[in-house]
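The chain contents come next:
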Amino acid sequence: MVTIVKSPRSALIAGIVLYLICLWRGCPHLEDKAYFLAIWVLGIFAIAAHRQAAQASFAALCRLVLLLTSGLLLVGIWNMPLALAYKILAVAAWFSCMYGAALWPRRVLSN
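Conventions we followed
Residues numbered from 1 in each chain as written. Predicted model: local features only at pLDDT ≥ 70, side-chain atom pairs only at ≥ 80, totals over all residues. Heavy atoms only, no water. Helix = DSSP H or I, 4+ residues; strand = E, 2+ residues; numbered from the N terminus. Buried < 20%, exposed > 50% of the residue type's maximum accessible area, 1.4 Å probe, protein only. Contact = heavy atoms within 4.5 Å. Areas by Shrake-Rupley, 256 points an atom, 1.4 Å probe, with all protein chains shown as cover. Axes fitted to C-alpha atoms, helices over the stretch in contact; angles between N-to-C directions. Parallel < 35°, antiparallel > 145°, perpendicular 65-115°, else oblique. Left-handed = near helix turned anticlockwise from the far one by under 90°. Nonpolar A, V, L, I, M, F, W, Y, C, P; charged D, E, K, R; others polar. Expected span 1.5 Å × (residues − 1).

Caption draft 1: Structural context of the overall build of the chain. Scanning the chain from terminus to terminus reveals four helices and zero strands. Counting from the amino terminus, helix and strand elements in the chain follow one another as α-α-α-α. When each of the 111 residues of the chain is scored for burial, the buried share is 33%. Looking at the chain alone, contacts between residues at least 24 apart form 72% of all its contacts between residues at least 6 apart. With an accessible surface of roughly 7600 Å², the chain has 72% of that area assigned to carbon and sulfur atoms.

Caption draft 2: Inspection of the packing of helix 2 (residues 30-52) against helix 4 (residues 84-102) at higher detail. At a minimum axis separation of 9 Å, helix 2 and helix 4 run at an interaxial angle of 25°. What the angle tells us is that helix 2 and helix 4 run roughly parallel. In this structure, the crossing between helix 2 and helix 4 has a hand that is right-handed. Residues Ile39, Trp40, Gly43, Ile44, Ile47 and Arg51 of helix 2 form the contact with helix 4, whose participating residues are Trp94, Cys97, Met98, Ala101 and Ala102. Within the contact of helix 2 with helix 4, the residues separate by chemical class into nine nonpolar, one polar and one charged.

Caption draft 3: How the structure looks around helix 4. Taking 1.5 Å per residue, 19 residues should reach 27 Å; helix 4 reaches 27 Å between its end C-alpha atoms and fits that length. The complete set of buried residues in helix 4 reads Lys87, Ala90, Val91, Ala93, Trp94, Cys97, Met98, Gly100 and Ala101. Where helix 4 is buried, its residues contact helix 1 (8-26), helix 2 and helix 3 (56-79).

Caption draft 4: Main features of the environment of tryptophan 104. Mapping tryptophan 104 onto the fold places it in the segment after helix 4. Spatially, the C-alpha atom of tryptophan 104 lies 6.9 Å from that of arginine 9, the residues being 95 residues apart in sequence. With residues up to four places along the chain from it excluded, the contact list for tryptophan 104 reads Pro8, Arg9, Leu12 and Arg51.

Shown next as C-alpha cells:
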C-alpha cells in the first residue's frame, strides 16, 4: 500500500492546527467551538477503537460512528456563517486528522 503522507504524525498535527485555526477564527460562540471539538474527538476515538477492534460487529459499529461523525461535521460546517475557504479548510483539516490517526503506528506490547 502506498501512503500519500510519509509521516502520519505530521498529517495529524497539520490537521489539528488547521482545524483549530479555522474554528477559532470562524466560530464566534464557545458552544460552536465545543461542538466541533467534540466531533473531532469522537472521530479520533472511533478510528482508534476501530484499529483495536477484535470482533467484526464492533468494527462495524466504529465505522457507523465515524460515518455519523462525518455527517455531523458536514451539517455543522454547512450551517456556519463562514466563508467558503474556511469551510473547505475545516473539512480538509478534519479528514487530515482522521487520516493521520488511522495511519498512526500501533504500539506493540511484549509479553
